[in-house]
Amino acid sequence: MTTSREPVAVIGTGYVGLVTAAGLAELGNEVWCVDIDVDKIARLQRGEIPIYEDGLADLIATNRDRLHFSTDLGPALDKARLLFVAVGTPPTQSGDADLSAVFAVIDAMPISGSHAIVMKSTVPVGTGAAIKRELATKGKSGLAYVSCPEFLREGSAVADFRAPDRVVVGDDGGWAGDSVVALYAPLNAPLVRTDVASAEMIKLASNAFLATKISFINEIANVCEETGADVSEVARGMGLDGRIGASFLRAGVGFGGSCFPKDVAALKQLAGNSGYHFQLLNAVIEVNDLQKRRVIAKLQKHLGTLVGKRITLLGLAFKPDTDDLREATSLVLVARLQAEGAAVCAYDPVAEDRSGQYLSGVTIAASAQEAIAGADAVVLVTEWAEFLALDWEQVAATMAGRVVLDGRNALDPAIIRAAGLAYEGIGRP
Ligand code: UDX
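All figures in this text were calculated on a predicted structure; none of them were measured in a lab.

A.B. asks: What exactly am I supposed to notice about the overall build of the protein chain here?
C.D. replies: What the protein chain contains, in helices and strands, is 18 helices and 14 strands. Over its C-alpha trace the protein chain gives a radius of gyration of 23 Å, about what one expects of a compact globule, namely 22 Å for 429 residues. Along the first, second and third principal axes, the C-alpha atoms of the protein chain reach 70 × 50 × 40 Å. Among the 429 residues that make up the protein chain, the fraction classed as buried is 52%. Taking the intrachain contacts of the protein chain between residues at least 6 apart in sequence as the baseline, contacts between residues at least 24 apart amount to 73%. With an accessible surface of roughly 18000 Å², the protein chain has 54% of that area assigned to carbon and sulfur atoms. Where the 39 positive side-chain charges of the protein chain centre and where its 52 negative ones centre are 2 Å apart.

Pasting the structure below:
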């Protein structure tokens, strides 16, 4: 890799920050990573990776000599002109994005005519303009500003960095935007060079549209249950229409994660704050909430009261190949099942380390087999590969009851039924 590539700083070492840093290091950039979390930086300096993300540990290890970790912004400012901001923007009680971490970074910026802030964090439309106003009032208007939203998915973040569907660069056409474009040029991705507000909206609108697709197919699934159609067949037939597309039409127990719930709420609030009632997004959110709760009624249909019943959840993470439990459907299921008087047991291949932080009163098993033994019903919540490879004859032999609820339509109903179990999917007859 060439050594003439521009050194960069990445502020915030969460999923987005770490993957961006490691990906840029692979492209040959020296990357100065900064985080206020002393423990996290110490671990990264020792070569430990604080999150589970496929391929990330290897990528960091391979490019270790170009990655520098510190809690101090000083060396990053000395070495790099482009300062990527990848700090969290969690939802507040009102559903607006909490921008306190973003503005803490902006406050820490020096007066400079040679640095640029490159915003990777997902922020409401208008944040770039607000930051530029804030910089001007502090005499820091020499700092350039670029919006460069991130579209990577957890679980495939490294692959997504290497082969993005598009790179979006929003700026006022100055040197900083040109430098960010040059940074991503080796990836040969389609480029959208636009203004800051449009770049911010591209990110929110993309996530809101994908979430809408999921809620739409979940509603179709619910109607399929009433009419005898099979939503998997319906999605297959719909997806072949190039105008619709096959992706994000998997019906299930609702979407979760750190992005969709937060970004849909943030876009709804953003519209509401400027006087526009974004009616469609209200429905997307409500459908998603109800979709999680329908699981309880389905279990009751088979088991009657859930009081004293042992219900096993296979998977806790919001999707496979991640240890992330944020806004995971499992959290709602656990709370609802416990409220109905069920004893909840769960197993997840990696998320159990984090489960204590989110779940209480749940028996966390050490294996799928251990979790399944003695269960009255098994609910597939996260479609981890190891659950798809289970021996269902063996499962049937160790369960106390017969109910298998496939919350992701990821199992073969014929195999489950052949094992003498009762199969219930989402929108499948
Ligand atoms: C998402 C966006 O895809 C990504 O571009 C953005 O940068 C961050 O948010 P992520 O949250 O990592 O990525 O996961 P994703 O694979 O998009 O899945 C989100 C949720 O939707 C998961 O809970 C998943 O199970 C659910 N989902 C997805 C469905 O229920 N059905 C589908 O067809 C697709």
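A.B. asks: Would you mind going over the sheet that holds strand 10 (residues 343-347) with me for this structure?
C.D. replies: Across a sheet, paired strands are connected by hydrogen bonds in the backbone, their directions being either parallel or antiparallel. In space, the 6 strands of this open sheet follow the order 11-10-9-12-13-14, with parallel pairing throughout. Strands with a single pairing partner mark the edges of an open sheet, and in this sheet they are strand 11 (363-364) and strand 14 (422-424). Pairing geometry for strand 10 and strand 11, over 2 bridges, is parallel. Bridging from a neighbouring strand, Cys345 pairs with Thr363 of strand 11. Those strands touched by helix 12 (residues 279-303) are strand 9 (310-314), strand 12 (377-380), strand 13 (403-406) and strand 14, and its axis lies near 160° from that of strand 13. Contacts from helix 13 (residues 329-339) reach strand 9, strand 10 and strand 12, with the element oriented near 180° to strand 9.

A.B. asks: Looking at this structure, I do not really get the nonpolar core. What am I missing?
C.D. replies: General note: in soluble globular proteins, nonpolar side chains tend to be found buried as a group. Ranked by internal contacts, the top residues of the largest apolar core, which has 60 residues, are Leu299, Leu313, Leu337, Val379, Trp392 and Leu421. Those residues in contact with Leu337 that lie beyond four places of it in its chain are Ile296, Leu299, Leu306, Ile311, Leu313, Ala342 and Val344.

A.B. asks: Just to check I follow, could you spell out the domain arrangement of the protein chain for this structure?
C.D. replies: By a widespread convention, an interface's size corresponds to the accessible area lost as its parts come together. By domain assignment, the protein chain separates into domain 1 (8-193) and domain 2 (209-424). Here domain 1 and domain 2 have C-alpha centroids that lie 33 Å from each other. Each partner contributes to the interface: domain 1 provides 16 residues, whereas domain 2 provides 18 residues. For the pair domain 1 and domain 2, the two sides together bury roughly 1400 Å², of which 51% comes from carbon and sulfur. Counting the surface domain 1 buries against domain 2, the share from its top three residues, Tyr15, Tyr52 and Glu154, is 39%. Inspection of the region where domain 1 meets domain 2 yields 1 salt bridge. Two residues, Arg326 and Glu154, come together in a salt bridge whose shortest N-O distance is 3.8 Å. Our count for the contact surface shared by domain 1 and domain 2 stands at 9 residue pairs in polar contact (both at pLDDT 80 or more). Of the residues belonging to the side of domain 1 that touches domain 2, the class tally is 8 nonpolar, 5 polar and 3 charged.

A.B. asks: Please explain empty space enclosed by the protein as it appears in this structure.
C.D. replies: Empty space among the atoms can be located by rolling a probe the size of a water molecule over them. The tally for this structure, following the rule as stated, stands at 1 cavity of 30 Å³ or more. Quantified by volume, the largest cavity comes out at close to 70 Å³. Partitioning the lining of the largest cavity into residue classes produces 4 nonpolar, 3 polar and 3 charged.

A.B. asks: Help me out: how do you make sense of the site of the ligand in this one?
C.D. replies: In the neighbourhood of the ligand, 18 residues make up the surrounding shell, with Phe151, Leu152, Glu154, Arg250 and Lys319 lying closest. Lys203 places a side-chain nitrogen or oxygen 3.0 Å from an oxygen atom of the ligand. Contact between the ligand and Arg250: an oxygen atom at 2.9 Å from a main-chain N or O atom of the residue. In isolation the ligand offers 660 Å² of accessible surface; the protein chains occlude 95% of this area. Counting residues per element, the shell around the ligand draws most heavily on helix 9 (residues 196-227), which supplies 3 residues. Of the residues contributing to the shell around the ligand, the split by class is 9 nonpolar, 2 polar and 7 charged.

A.B. asks: Sorry, what's going on with the side chain of Asp263 here?
C.D. replies: Structurally, Asp263 is set in helix 11 (residues 260-273). There is a polar contact of 2.7 Å between the side chain of Asp263 and the side chain of Asn207. Those residues within four positions of Asp263 in sequence are excluded, and the remaining contacts are Thr122, Lys203, Leu204 and Asn207.

A.B. asks: Can you walk me through the packing of helix 9 against helix 11 in this structure?
C.D. replies: Geometrically, a packed helix pair is captured by the angle between its two axes and the distance between the axes. Where helix 9 contacts helix 11, the two axes come as close as 9 Å, and the packing angle between them is 115°. Classed by the angle they form, the pair helix 9 and helix 11 counts as roughly perpendicular. In the packing of helix 9 onto helix 11, the handedness of the crossing is left-handed. Touching Met201, Lys203, Leu204, Ala205, Asn207, Ala208, Leu210, Ala211 and Ile214 of helix 9 are Phe260, Asp263, Val264, Leu267 and Leu270, all from helix 11.

A.B. asks: What should I look at first to understand helix 11 in this one?
C.D. replies: Within an α-helix, residues lying three or four positions from one another point in the same direction, as the helix has 3.6 residues per turn. A rise of 1.5 Å per residue sets the reference length of helix 11, with its 14 residues, at 20 Å; its end C-alpha atoms lie 20 Å apart and thus fit the reference within 8%. Of all 14 residues making up helix 11, 11 are buried, and the element is well covered by its neighbours. The set of residues buried in helix 11 consists of Phe260, Pro261, Lys262, Asp263, Val264, Ala265, Ala266, Leu267, Gln269, Leu270 and Ala271. In the core, the buried residues of helix 11 are packed alongside helix 9 and helix 12. One or two residues past the end of helix 11 sits Gly275, with phi positive at roughly 90°.

The rules behind the values
- Numbering of residues begins from 1 in every chain and follows the order in which that chain's sequence is written.
- Local features are withheld for residues below a pLDDT of 70 in this predicted model, meaning they are given only at 70 or higher, and side-chain atom pairs are given and counted only at 80 or more; totals for whole chains, interfaces and linings count all residues.
- Neither water nor hydrogens contribute to the side-chain values; these are computed over all heavy atoms in the structure.
- Only DSSP runs of H or I covering at least 4 residues are called helices, and only runs of E covering at least 2 are called strands; the numbering of each starts at the N terminus.
- Each radius of gyration reported is based on C-alpha atoms, and the globular scaling rule is 2.2 Å times the count of residues to the power 0.38.
- Exposure categories follow from relative accessible area, calculated using a 1.4 Å probe and restricted to protein chains: below 20% of the type maximum is buried, above 50% is exposed, and the middle band is partly exposed.
- In this description, contact between two residues means that some pair of their heavy atoms is separated by no more than 4.5 Å.
- A 1.4 Å probe and the Shrake-Rupley method give the accessible areas. Residues count as covered only by the protein chains that appear here.
- Under this rule, positive means Lys or Arg and negative means Asp or Glu; His and the chain ends count for nothing.
- Every charge is mapped to an atom, namely NZ of Lys, CZ of Arg, CG of Asp or CD of Glu.
- In this scheme, strands are said to pair when DSSP sees at least two bridges between them.
- Axis definition: a line fitted to C-alpha atoms, over the contacting stretch in the case of helices. Angles run 0 to 180 degrees between N-to-C directions.
- Only buried Ala, Val, Leu, Ile, Met, Phe, Trp, Tyr and Cys residues count toward a nonpolar core, and they belong to the same one when joined by side-chain atoms within 4.5 Å.
- Bear in mind that the domain bounds are from an automatic or database domain assignment.
- The quantity reported as buried area is the accessible area (1.4 Å probe) lost by two parts once they are put together, taken as the sum for both.
- Each reported salt bridge corresponds to a side-chain nitrogen of Lys or Arg within 4 Å of a carboxyl oxygen of Asp or Glu.
- In the analysis that follows, any N or O atom pair within 3.5 Å is treated as a polar contact, provided that within protein one partner can donate a hydrogen and the other can accept it, and provided that, for residues neighboring in sequence, both atoms belong to side chains.
- For this classification, Asp, Glu, Lys and Arg are treated as charged, while Ala, Val, Leu, Ile, Met, Phe, Trp, Tyr, Cys and Pro are nonpolar and the rest, including Gly, are polar.
- Cavities and pockets are found on a 1 Å grid laid over the protein atoms alone: a cavity is a set of points where a 1.4 Å probe fits but cannot escape, a pocket is an open set with protein on both sides within 12 Å along at least five of seven lines, and a lining residue has an atom within 4 Å of such a point.
- Grid points are joined across faces, edges and corners, and a volume is the space filled by probe spheres set on the points.
- Nearness is judged by heavy atoms alone; a residue qualifies as near a molecule or strand once a single heavy atom is within 4 Å of it.
- Any angle from 65 to 115 degrees is called roughly perpendicular, while one under 35 is roughly parallel, one over 145 is roughly antiparallel, and all others are oblique.
- Crossings are sorted by hand: turned counterclockwise from the far helix by less than a right angle, the near helix makes the crossing left-handed, and turned clockwise it makes it right-handed.
- Take the number of residues in a helix, subtract one, and multiply by 1.5 Å to get its expected span.

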